[in-house]
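Coordinate analysis (summary)
Below, each chain spelled out in residue letters.
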Amino acid sequence: MNTIPFENQFITLGDAFYTKTKPTPVANPTLIKFNQELAESLGLSTNNFDPNKAVAIFSGNTIPAGAEPLAMVYAGHQFSQFNPQLGDGRAILLGEIVNPDGKRFDLQLKGSGRTAYSRGGDGRSALGPVLREYLVSEAMEKLGVPSTRALAAITTGEVVHREQLLPGGIITRIATSFIRVGTFQFFAAQGKTDAVKKLADHVIERNYPQIKSQAGNTAVTYANFLQSVVDRQAALIAQWMQLGFIHGVMNTDNMSIAGETIDYGPCAFMDDYAHNKVFSAIDRNGRYAYNNQPSIGLWNLSRLAETLLPLLAQTPEAAIEIAQNILKTYINTYENNWLPGMRAKCGLSNSAQGNDDKALIEALFETMAANSADFTLTFFHLSRLNKQICERSTKHEDALRNLFNKPKQLDDWLTQWRTRLDDETQSDKQRQTHMQATNPIYIPRNHQIEAAIRAAEDHNDFTAFHDLHKVLQGPYTQQKGKDRYQLPPQAGEVIAKTFCGT
Ligand code: AMP
Ligand code: MG
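The structure displayed is predicted, hence computed values, not measured ones.

Rules of the game
Residues numbered from 1 in each chain as written. Chains lettered and ligands numbered in written order. Predicted model: local features only at pLDDT ≥ 70, side-chain atom pairs only at ≥ 80, totals over all residues. Heavy atoms only, no water. Helix = DSSP H or I, 4+ residues; strand = E, 2+ residues; numbered from the N terminus. Rg over C-alpha atoms; globule rule 2.2 N^0.38 Å. Buried < 20%, exposed > 50% of the residue type's maximum accessible area, 1.4 Å probe, protein only. Areas by Shrake-Rupley, 256 points an atom, 1.4 Å probe, with all protein chains shown as cover. Lys, Arg positive; Asp, Glu negative; His and termini not counted. Charge placed at Lys NZ, Arg CZ, Asp CG, Glu CD. Pairing = 2+ DSSP bridges. Axes fitted to C-alpha atoms, helices over the stretch in contact; angles between N-to-C directions. Parallel < 35°, antiparallel > 145°, perpendicular 65-115°, else oblique. Left-handed = near helix turned anticlockwise from the far one by under 90°. Contact = heavy atoms within 4.5 Å. Nonpolar A, V, L, I, M, F, W, Y, C, P; charged D, E, K, R; others polar. Core = buried A, V, L, I, M, F, W, Y, C linked by side-chain atoms within 4.5 Å. Near = heavy atom within 4 Å. Polar contact = N/O pair within 3.5 Å; in protein donor to acceptor, adjacent residues only side chain to side chain. Salt bridge = Lys/Arg side-chain N within 4 Å of Asp/Glu carboxyl O. Donors = N, O, S within 2.8 Å, 3.2 Å for Na, K, Ca; no water. Phe/Tyr/Trp six-rings, centres within 6.5 Å; stacked < 30°, edge-to-face > 60°. Lys NZ or Arg CZ within 6 Å of the ring centre and 35° of its normal. 1 Å grid on protein atoms, 1.4 Å probe; cavity = no way out; pocket = protein on both sides within 12 Å on 5 of 7 lines; lining within 4 Å. Points joined across faces, edges and corners; volume = space filled by probe spheres on them.

With that settled, consider the overall build of the protein chain. Scanning the protein chain from terminus to terminus reveals 15 helices and 12 strands. Relative to the compact-globule value of 23 Å for 502 residues, the protein chain shows a C-alpha radius of gyration of 23 Å, a close match. Along the longest, intermediate and shortest principal axes, the C-alpha atoms of the protein chain span 65 × 60 × 45 Å. Within the protein chain, buried positions represent 57% of all 502 residues. Accessible area of the protein chain: about 20500 Å², with a carbon and sulfur share of 50%. On the protein chain, the mean spot of the 49 positive side-chain charges and the mean spot of the 51 negative ones are 2 Å from each other.

Given below as structure tokens:
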């Protein structure tokens, strides 16, 4: 029997927070991929869950027992413009699952039909964005970055109308919460402080239980809540930066309250390094460019702080001061995540007195930018260099130099780097092992995602999708015969622009 042990809490908040909505059935659903490992961690497999029989659930054609489907309401700043009314326009929360470790997850279908919040949209998703989200969200998990996850992907057997007709798809995804910064904004914009408080209490109970107050949450609890969200978001964005990940559409409605990467639309990992790299076709001013992500994180968190002001103190002046003091910590927390992460990438373990590691790291990025060097391959080869130039690492030294148009600039940096390594207490072997554990070999490169999507959408061929997914399961392990997944795009393969696919 395919049972899902639902245990729904969000629905108890009341109908101001959602609209009950059933998925719209589809013609001919077919399973593309089921995430067995995730299913096991959710405790589904103990119930003899059969994914092939569950296609009816993942397509929205059958509502499983215990599900109470609904679309969540939210607002959001989209490219800095406030939109007071958004919401799940093409997603439906089926319900919540508590896994065997007692951890609670939201289970959502995306692409499952119109809701009260669809506005002009069809509530559907093309297959491409489903495959992209499946590949990238699962890659993020394996790279160690907090993320929503993919439980299943299906084709609907129907077409969706975009600029052209495309096959439709639905992704079943899970999160520790699908509540967004924009969810708080929805109620705050209407002056509904009681609803903001109810939402905050719900999120604290579920996602930040360590800060809750037994005697009832107080102003101090809400300040701790804001601080905790700030901390998680700063840490998350530092991780994106360490991997060359560009989210692409960091609107406040696409920022999770639980600190997970959410809503994989026009996201991409960069190949050749540029500080201000942008992929999203609609991000004309580069608001969400690579190097803007840390400051946009703070901008979004400032919008969250505004919604919480009435809960932070009796007077607006006092509340603003509290909020500002918390927001001020963001930059430090970000730096305190960014620098150790980047030091690890460069094999710099101890903070030897007098060394300016930050300057050394920034100099590397400057050199990479000046040479359009591939982000992932630079760190890949660097992780395999010996401190003393020697025969054994010549192959990687040469390959690294080949990534730079002007290798002399790299040589100069490598000289500084090797001098800095003199201060390391770890052995050279240990350093390389640590670097290789933090610098991935495989990332979901944009042109490979695109190739997988093209084969699937144009030829109903999912081989490339499955192969790429498999490689991304082990991003830090060299896999036999998979070298091509390491390679940046050839001139004809470059995908310069990405789309939301909405
Ligand atoms: P995004 O920026 O992609 O996260 O989407 C912004 C808003 O548009 C969200 O409220 C989505 O639910 C909604 N939306 C996007 N695509 C569609 C669609 N095809 N049908 C209905 N609503 C959509
Ligand atoms: Mg969104």
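Further notes follow.
This brings us to the pairing of strand β7 (residues 104–110). Counting buried positions along β7 yields seven of seven residues, so the element is predominantly enclosed. Burial along β7 is two-sided: the face carrying Arg104, Asp106, Gln108 and Lys110 and the face carrying Phe105, Leu107 and Leu109 are both buried. Counted along the chain from strand β6 (residues 91–98) to the antiparallel partner β7, the turn is five residues long, and its residue glycine 102 has a positive phi close to 85°. In terms of strand pairing, β7 meets strand β10 (residues 165–175) through five bridges, oriented antiparallel. Residue pairing across strands places leucine 107 opposite isoleucine 174, the latter belonging to β10.

As a further point, take the environment of isoleucine 331. Assignment of secondary structure puts isoleucine 331 in helix α8 (residues 316–346). For the pair formed by isoleucine 331 and alanine 234, sequence separation is 97 residues and the distance between their alpha carbons is 7.7 Å.

At a closest axis distance of 9 Å, the pairing of helix α10 (residues 375–382) and helix α11 (residues 394–402) adopts a crossing angle of 155°. One way to sum up the angle between α10 and α11 is to call them roughly antiparallel. For α10 against α11, the interelement crossing comes out left-handed. Facing α10, whose interface residues are Thr378, Phe380, His381 and Leu382, α11 presents His396, Ala399 and Leu400. Across the contact of α10 with α11, the residue classes tally to four nonpolar, three polar and no charged.

Ranked by size, the top nonpolar core spans 120 residues in total, and within it Phe184, Phe225, Leu382 and Trp417 carry the most contacts. When residues of this core are assigned to their parent elements, the largest contribution, 13 residues, is made by helix α6 (residues 219–243). Discounting residues that sit within four places of it in the chain, tryptophan 417 has contacts with Cys346, Leu348, Leu360, Leu382, Leu385, Arg431 and Met435. Counting residues in hydrophobic clusters, the runner-up holds 23 residues, among them Val26, Phe34, Ile97 and Ile174.

What follows is about the site of ligand 1. Inspection of the region around ligand 1 gives 17 residues, with Gly87, Gly89, Arg119, Gly123 and Asn254 positioned closest. Between ligand 1 and glycine 89 there is a distance of 2.7 Å, counted from an oxygen atom to a backbone nitrogen or oxygen. At 2.8 Å, a side-chain N or O of arginine 119 approaches an oxygen atom of ligand 1. When ligand 1 is considered free in solution it has 490 Å² of accessible area, and contact with the protein chains removes 89% of it.

Now for the pattern of salt bridges. Within this structure, the stated rule accounts for 34 salt bridges. Here glutamate 37 and arginine 149 are joined by a salt bridge, their closest N and O atoms 3.2 Å apart. With glutamate 37 in helix α1 (residues 36–42) and arginine 149 in strand β9 (residues 149–161), this pair connects stretches of sequence that are 112 residues apart. The class of arginine 149 is buried, set by a relative accessible area of 9%.

Here the magnesium ion (ligand 2) is held by Asn254 (OD1) and Asp263 (OD), and the distances to it run 2.0 to 2.1 Å. Each member of the pair, asparagine 254 as well as aspartate 263, is classed as buried.

Looking now at the packing of aromatic side chains. Enumeration over the complete set of coordinates arrives at 21 aromatic pairs. Ring centres 6.2 Å apart and planes at 45° place the aromatic pair phenylalanine 49 and phenylalanine 58 in the tilted group. Centroid distance phenylalanine 186 to phenylalanine 187: 4.9 Å. Interplanar angle 90°. Geometry classified as edge-to-face. The burial state of phenylalanine 186 is the same as that of phenylalanine 187; both residues are buried. One Lys or Arg, lysine 345, reaches over the ring of phenylalanine 379 and ends 4.4 Å from the middle of that ring.

Over the atoms a probe the size of a water molecule is rolled, and this reveals where empty space is left. Counting across every chain of the model gives four cavities of 30 Å³ or more. Taken as a whole, the largest cavity holds about 60 Å³ of empty space. Take the lining of the largest cavity: its biggest share by element is three residues, from α6.

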